[in-house]
Amino acid sequence: HLKTRFNQSRFEFIFTSLVKDSPRLFTSFQAVCRSYETTKLYRDLKLRGAIIQDKNLLLLPLEQIYNKYNGVWNLSAEQGNLGTFYVTNVRIVWYANLAENFNVSVPYIQIKSIKIRESKFGTALVIETSA
């Protein structure tokens, strides 16, 4: 039994199996939920995740590193953090060299725009996300 809302509409779904005493419907649904939970890094922006180990990006299944850039600054209001920037076939990742847990993973599906702008620190790459 599933209830949901979208905008102003409500939806209710009741599922049943035509095969009496068959757990197949339930196990199939569990498998779908498990697959969804284990693939979040492919579609969700992640901050401060356990994605770097010993200065190396932990790759997702079928993920390939296209480029690795050392010496990339993450700039905020009055300071910057020096780090490493990865470009893969799935996402872009940056982490601080002095603290691996200070990182961000941005799947391409979350990127709204990429621009180059001038900042008080010089030329900067600005990645706008939809998340």
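For the structure itself, look to the data block above.
Note that the structure is a prediction, hence the values are computed from the model and not measured.

Participant: An account of the pattern of salt bridges is needed here, citing residue identities and associated values.
Facilitator: Enumeration according to the criterion identifies three salt bridges in this entry. When the shortest N-O distance is used, the salt bridge between K40 and E37 registers 3.4 Å. Put simply, R91 and E63 hold a salt bridge, and the shortest N to O gap is 2.7 Å. Of this pair, R91 sits in strand β8 (residues 91-96) while E63 sits in the loop between β5 (56-57) and β6 (65-75), and the two are 28 residues apart along the sequence. For E63, a relative accessible area of 6% puts it in the buried group.

Participant: Which residues make up the packing of aromatic side chains, and what are the values?
Facilitator: Two aromatic rings, taken as a pair, are described by how far apart their centres are and by the angle between their planes. Evaluation of the coordinates by the stated rule reveals three aromatic pairs. Ring centres of Y86 and Y95 lie 6.4 Å apart, and the angle between their planes is 20°; on these two criteria the pair is classed as stacked. Judged on exposure class, the residue Y86 and its partner Y95 are both buried. Relative to F102, the ring of W94 has its centre 5.8 Å away and its plane inclined at 85°; by these criteria the two rings are edge-to-face. Between the NZ or CZ atom of R43 and the centre of the ring of Y36, over which it lies, the distance is 3.9 Å.

Participant: Which residues make up the sheet that holds β8, and what values go with them?
Facilitator: Strands sit in the order β3-β9-β8-β7-β6 across an open sheet of five strands; the sheet is antiparallel. The two strands at the open ends of the sheet, each matched to only one other strand, are β3 (46-47) and β6. With five bridges joining them, strand β7 (residues 80-88) and β8 adopt antiparallel strand pairing. Paired with V87 across the strands is I92, a residue of β8.

Participant: Describe the nonpolar core, and please don't skip the residues or the numbers.
Facilitator: Residues F85, V87, I92, W94, A96, V106 and I111 constitute the largest nonpolar core, which totals seven residues. For this core, the secondary structure elements donating two or more residues are β7 and β8. Sort the elements by how many residues they give to this core and β8 lands first, with three residues. Discounting residues that sit within four places of it in the chain, V87 has contacts with Q64, I65, Y66, N67, Y69, I92 and Y108. I51, I52, L57 and V93 belong to the second largest nonpolar core, which has six residues in total.

Participant: Describe in detail the pairing of strand β10 (residues 111-119), supporting the description with residues and values.
Facilitator: Across eight bridges, the pairing between β10 and strand β11 (residues 122-129) is antiparallel. Paired with I111 across the two strands is T129, which belongs to β11. Here β10 hands over to β11 after two residues, the two strands then running antiparallel side by side.

Participant: Account for a nonpolar patch on the surface, naming residues and giving values.
Facilitator: Side chains of L2, F6, F11, F13, F15 and L25 sit close together on the surface and give an oily, nonpolar patch of about 610 Å² of accessible area. The set of elements that each furnish at least two residues to the nonpolar patch consists of β1 (2-6) and β2 (9-13). Among the secondary structure elements, F6 is positioned in strand β1.

What counts, and where the lines are drawn
Residues numbered from 1 in each chain as written. Predicted model: local features only at pLDDT ≥ 70, side-chain atom pairs only at ≥ 80, totals over all residues. Heavy atoms only, no water. Salt bridge = Lys/Arg side-chain N within 4 Å of Asp/Glu carboxyl O. Helix = DSSP H or I, 4+ residues; strand = E, 2+ residues; numbered from the N terminus. Buried < 20%, exposed > 50% of the residue type's maximum accessible area, 1.4 Å probe, protein only. Phe/Tyr/Trp six-rings, centres within 6.5 Å; stacked < 30°, edge-to-face > 60°. Lys NZ or Arg CZ within 6 Å of the ring centre and 35° of its normal. Pairing = 2+ DSSP bridges. Core = buried A, V, L, I, M, F, W, Y, C linked by side-chain atoms within 4.5 Å. Contact = heavy atoms within 4.5 Å. Patch = residues over 30% accessible without salt bridge, like charges linked within 9 Å, V, L, I, M, F, W, Y side chains within 5 Å. Areas by Shrake-Rupley, 256 points an atom, 1.4 Å probe, with all protein chains shown as cover.

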